[in-house]
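Tertiary structure, described
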Amino acid sequence: MASKTDVENLLLAADVALTLASLAASKIEELRKEGVITTDEQSARLTRVEEIRKKVGLPPVAPVPTMPVPVPAPADPTPAEEAEKLKDAAESQVKNP
Amino acid sequence: MNKRIIAYLSVVAFLASISGCVTRQLDPSGPYHGDLILYQADGVIVDLDTAYDEFEALAARNPGFFGSNEKAAALLDRIKIERDGIWESNEVLASLFMARDAYIHARDGTSHSNLRLAIQAARAFIMEIKAYGIEDRR
């Protein structure tokens, strides 16, 4: 025949098992719900971000930042171009003294 | 009695272990369409704005401190520049917005990486601001 202590231990084990199962089930359900960021939460964040954008004066739809396009420096004239320029200048002086 | 305590402690440990394993996911039907990094970026924008608000309020409450502490005054000036409505690429908030918008326009590896860097820079700036003892209310 089982002693009083054995019965108590058995009841304790059953109690713990039931508590564990019950708590685990409710916790898993709670986490399943909490684990999803709802559409409302997402919309609220998006609205807040647009408010901040407006507050700091940024345009509502910001342009995509692009790298500045380097403007090539004018190349030094070649000796032939230089000679051509001098020739043109001399000719224009002859025409318009 | 001790057995009961040990048993219940094991239950608590079990539940804590479940909690630690769960990370929040976006509802894919929401406006972010499941894009977690974009949601995180927007969260950091909100945190940054809150930190600016709190720092400016701190400065308004403690004019003496800000008058005598050059570092704090410089940080306050920087925050004012951040919010002056002029878009500058070296500003933390503007950079984060730029990286965010670039990512929205072209979701590729580069824009993702740039957004991540902008988030890190913004978080570091928030930490710098909070070093002045502003309570984290979140």
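The structure presented is a predicted model; accordingly, all values stated were derived computationally and were not measured. (Residues numbered from 1 in each chain as written. Chains lettered and ligands numbered in written order. Predicted model: local features only at pLDDT ≥ 70, side-chain atom pairs only at ≥ 80, totals over all residues. Heavy atoms only, no water.)

**Topic: the overall build of chain A**
Assigned secondary structure in chain A consists of three helices and one strand. Secondary structure elements in chain A, listed N-terminal to C-terminal, are α-β-α-α. Buried residues in chain A amount to 14% of all 97 residues. (Helix = DSSP H or I, 4+ residues; strand = E, 2+ residues; numbered from the N terminus. Buried < 20%, exposed > 50% of the residue type's maximum accessible area, 1.4 Å probe, protein only.)

**Thoughts on the packing of aromatic side chains**
Given two aromatic rings, one states the distance between the centres and the angle between the planes to describe the pair. Residue and element names in this part refer to chain B. Scanning the entire structure with this criterion turns up five aromatic pairs over all chains. The interplanar angle of 75° and the centroid separation of 5.5 Å between the aromatic rings of Phe-55 and Tyr-132 together place this pair among those described as edge-to-face. Here Tyr-132 lies in the segment after α6 (109–130) and Phe-55 lies in helix α2 (residues 36–61), a separation of 77 residues in the sequence. When its relative accessible area of 0% is taken as the criterion, Phe-55 is described as buried. On the basis of relative accessible area, Tyr-132 is assigned to the partly exposed category, the value being 24%. By the ring-pair criterion, three or more aromatic residues cluster together here, those being Phe-55, Phe-65, Phe-66 and Tyr-132. (Phe/Tyr/Trp six-rings, centres within 6.5 Å; stacked < 30°, edge-to-face > 60°.)

**Some points on the packing of α2(B) against α6(B)**
The relative placement of two packed helices is expressed as an angle between their axes plus a distance between the axes. Residues and elements named next belong to chain B. Running from N to C, α2 and α6 point in directions that differ by 25°, and their axes come no closer than 10 Å. Comparing the axis directions of α2 and α6 gives the class roughly parallel. Viewed along their axes, α2 and α6 form a crossing whose handedness is left-handed. Each of Ile-37, Ala-41, Val-44, Asp-47, Leu-48, Ala-51, Tyr-52, Glu-54 and Phe-55 in α2 lies in contact with α6, whose residues at this interface are His-112, Leu-115, Arg-116, Ile-119, Ala-122, Arg-123, Phe-125, Ile-126, Ile-129 and Lys-130. A class-by-class count of the residues in the contact of α2 with α6 yields 13 nonpolar, one polar and five charged. (Axes fitted to C-alpha atoms, helices over the stretch in contact; angles between N-to-C directions. Parallel < 35°, antiparallel > 145°, perpendicular 65-115°, else oblique. Left-handed = near helix turned anticlockwise from the far one by under 90°. Contact = heavy atoms within 4.5 Å. Nonpolar A, V, L, I, M, F, W, Y, C, P; charged D, E, K, R; others polar.)

**Quick notes on the pattern of salt bridges**
As enumerated under the stated definition, the model contains twelve salt bridges over all chains in all. A salt bridge links A:Glu50 to A:Arg53; the shortest N-O distance between them is 3.2 Å. With A:Glu50 and A:Arg53 both in helix α2 (residues 39–55) and three residues apart, this pair spans about one turn of that helix. For A:Glu50, a relative accessible area of 31% puts it in the partly exposed group. Given a relative accessible area of 2%, A:Arg53 falls into the buried group. The shortest N-O distance in the salt bridge between B:Lys130 and B:Glu54 comes to 3.9 Å. Linking B:Lys130 in helix α6 with B:Glu54 in helix α2, this pair joins segments that are 76 residues apart in sequence. We classify B:Lys130 as partly exposed; its relative accessible area is 23%. (Salt bridge = Lys/Arg side-chain N within 4 Å of Asp/Glu carboxyl O.)

**Describing helix α4 (residues 70–82) of chain B**
All names here are of chain B. Its 13 residues place the ends of α4 18 Å apart at the C-alpha level, agreeing with the 18 Å of an ideal helix rising 1.5 Å per residue. All buried positions along α4 are accounted for by Ala-72, Leu-75, Leu-76, Ile-79 and Glu-82. Down the axis of α4, the buried side of the element spans an arc of 115°, and every buried residue falls inside it. Elements that come into contact with the buried residues of α4 comprise α2, α3 (63–68), α5 (92–105) and α6. A distance of 3.0 Å separates the backbone nitrogen of Lys-71 from a side-chain oxygen at the start of α4, and that oxygen is part of Asn-69. (Expected span 1.5 Å × (residues − 1). Arc of directions from axis to C-beta. Polar contact = N/O pair within 3.5 Å; in protein donor to acceptor, adjacent residues only side chain to side chain.)

**With respect to the side chain of B:Glu91**
Residues and elements named next belong to chain B. Positionally, Glu-91 belongs in the loop between α4 and α5. This buried residue, Glu-91, is left without a salt bridge; Arg-78 holds the nearest opposite charge, at 8.8 Å. With residues up to four places along the chain from it excluded, the contact list for Glu-91 reads Ile-81, Glu-82, Asp-84 and Ile-86. (Lys, Arg positive; Asp, Glu negative; His and termini not counted.)

**Things to note about the packing of α5(B) against α6(B)**
Residues and elements named next belong to chain B. Contact geometry for α5 and α6: axes closest at 9 Å, N-to-C directions at 155°. Here α5 lies roughly antiparallel to α6, going by the angle between them. Considering how the two elements wind past one another, α5 and α6 form a crossing that is left-handed. In this structure, α5 uses Val-92, Ser-95, Leu-96, Ala-99, Arg-100, Ala-102 and Tyr-103 to contact α6, whose residues at the interface are Ser-111, His-112, Asn-114, Leu-115, Ala-118, Ile-119, Ala-121, Ala-122 and Phe-125.

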